[in-house]
Structures are given as structure tokens and as C-alpha cells.
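Remarks on the overall topology
These are the residues of each chain, in order.
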Amino acid sequence: MRIPSADKQQVLRLQHRLLSLRHAAKCPHDGGQCPVTHHCAGMKRLGKHMAVCKDQKCLVPYCISSRSVLSHYRRCKDARCRLCGPVRETIHRSRETTKHKQAIQQQNMQTQALKKNNATPTPALDPS
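Cut-offs applied
Residues numbered from 1 in each chain as written. Predicted model: local features only at pLDDT ≥ 70, side-chain atom pairs only at ≥ 80, totals over all residues. Heavy atoms only, no water. Core = buried A, V, L, I, M, F, W, Y, C linked by side-chain atoms within 4.5 Å. Buried < 20%, exposed > 50% of the residue type's maximum accessible area, 1.4 Å probe, protein only. Helix = DSSP H or I, 4+ residues; strand = E, 2+ residues; numbered from the N terminus. Contact = heavy atoms within 4.5 Å. Expected span 1.5 Å × (residues − 1). Axes fitted to C-alpha atoms, helices over the stretch in contact; angles between N-to-C directions. Parallel < 35°, antiparallel > 145°, perpendicular 65-115°, else oblique. Nonpolar A, V, L, I, M, F, W, Y, C, P; charged D, E, K, R; others polar. Lys, Arg positive; Asp, Glu negative; His and termini not counted. Salt bridge = Lys/Arg side-chain N within 4 Å of Asp/Glu carboxyl O. Polar contact = N/O pair within 3.5 Å; in protein donor to acceptor, adjacent residues only side chain to side chain.

1. Brief notes about the nonpolar core
Counting residues in each nonpolar core, the largest one holds 22 residues, and the members touching the most others are L18, L46, M50, C63, Y73, L83 and C84. Residue assignment for this core shows that the elements contributing at least two residues are α1 (8-26), α2 (40-52), α3 (63-75) and α4 (84-118). Not counting residues within four places of it along the chain, the set of residues in contact with Y73 comprises L18, C84, V87, R88 and I91.

See below:
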């Protein structure tokens, strides 16, 4: 894969493809029910096909180009790669955001549990 000579729009398309394939591989929704992207179901099908396809002349749309870009991404160690660098950074930011949200959620659950445990029923007033 010759990334250095690729134009900016082609690099952006390939980055989008990598991120879409990654999303589809991790997405728990099936049958076009993904709330994130309408491309998810198609990318899931493409990913499953790519996992078994070895045909260098495959006619399934996007199979060969996706296998090529994914192969490059897996082998690439250049942090300055125009294709892989921004994708890795996007994935890193996504992971950090997820960790942060989980930490806040856990903190909120602990706070709620403490409030629940510390809440004591108010004794009823004696009417006499």
C-alpha cells in the first residue's frame, strides 16, 4: 500500500474504513440496528467475509482494498504515518473517554450506595 502518494481525500476514506471496520467488529448490535452508523451492518458483513477471503481478485466490493489497508495498519509502526497515526490517536482518545465515563459512572454508583446506606428512616412522631 503506497500511502505517501495518496491524496488527502483517499487517506481520509481509508481512515474512515479502518475506523468503521473496527466499530463493526466491536458493535453489539445486529441487523442494521446500530444507533451509531448506518454502515455498521455492511461493515460487519465485509469483516466476516474478509476474515475468510484469500482471493487476490475477489469481486466483493471493498474486500481487497480493506484487506490491504488493514494489513498495512497492522504492520505499521510509524507514529507519523498519515494513515495510521490519526487512526491510532482516535482509538486512543476513544479508549480514554470510555475509561473516564466508566470512572464517573462507578463514582456515581458508589455515591448512591453511600447515600442509600446512610439514609436512616425518620422516626414517626408520637401524636400524644
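2. Notes on the side chain of K44
By the secondary structure assignment, K44 is in helix α2. If sequence neighbours within four positions are ignored, K44 has contacts with A24, C27, H29 and D30.

3. Notes on α3
Spanning 13 residues, α3 covers 18 Å between terminal C-alpha atoms, matching the ideal 18 Å at 1.5 Å per step. Inspection of α3 places C63, S66, R67, V69, L70, H72 and Y73 among the buried residues, and these make up the whole buried set. Those residues of α3 hidden inside the fold are in contact with α1, α2 and α4.

4. Notes on the packing of α1 against α3
For the pair α1 and α3, interaxial distance at closest approach is 10 Å and the crossing angle is 85°. The orientation of α1 relative to α3 falls into the category roughly perpendicular. Contact residues: α1 offers L14, R17, L18 and L21, while α3 offers S65, S66, V69, L70 and Y73. Here the contact of α1 with α3 is composed, by residue class, of six nonpolar, two polar and one charged.

5. Observations regarding the side chain of R67
Mapped onto the fold, R67 is located in helix α3. Despite its burial, R67 pairs with no opposite charge, the nearest such side chain being D55 at 6.1 Å. Here D55 takes part through its backbone oxygen, which lies 2.5 Å from a polar atom of the side chain of R67. R67 has contacts with M50, C53, K54, D55, Q56 and C58, leaving out every residue within four places of it along the chain.

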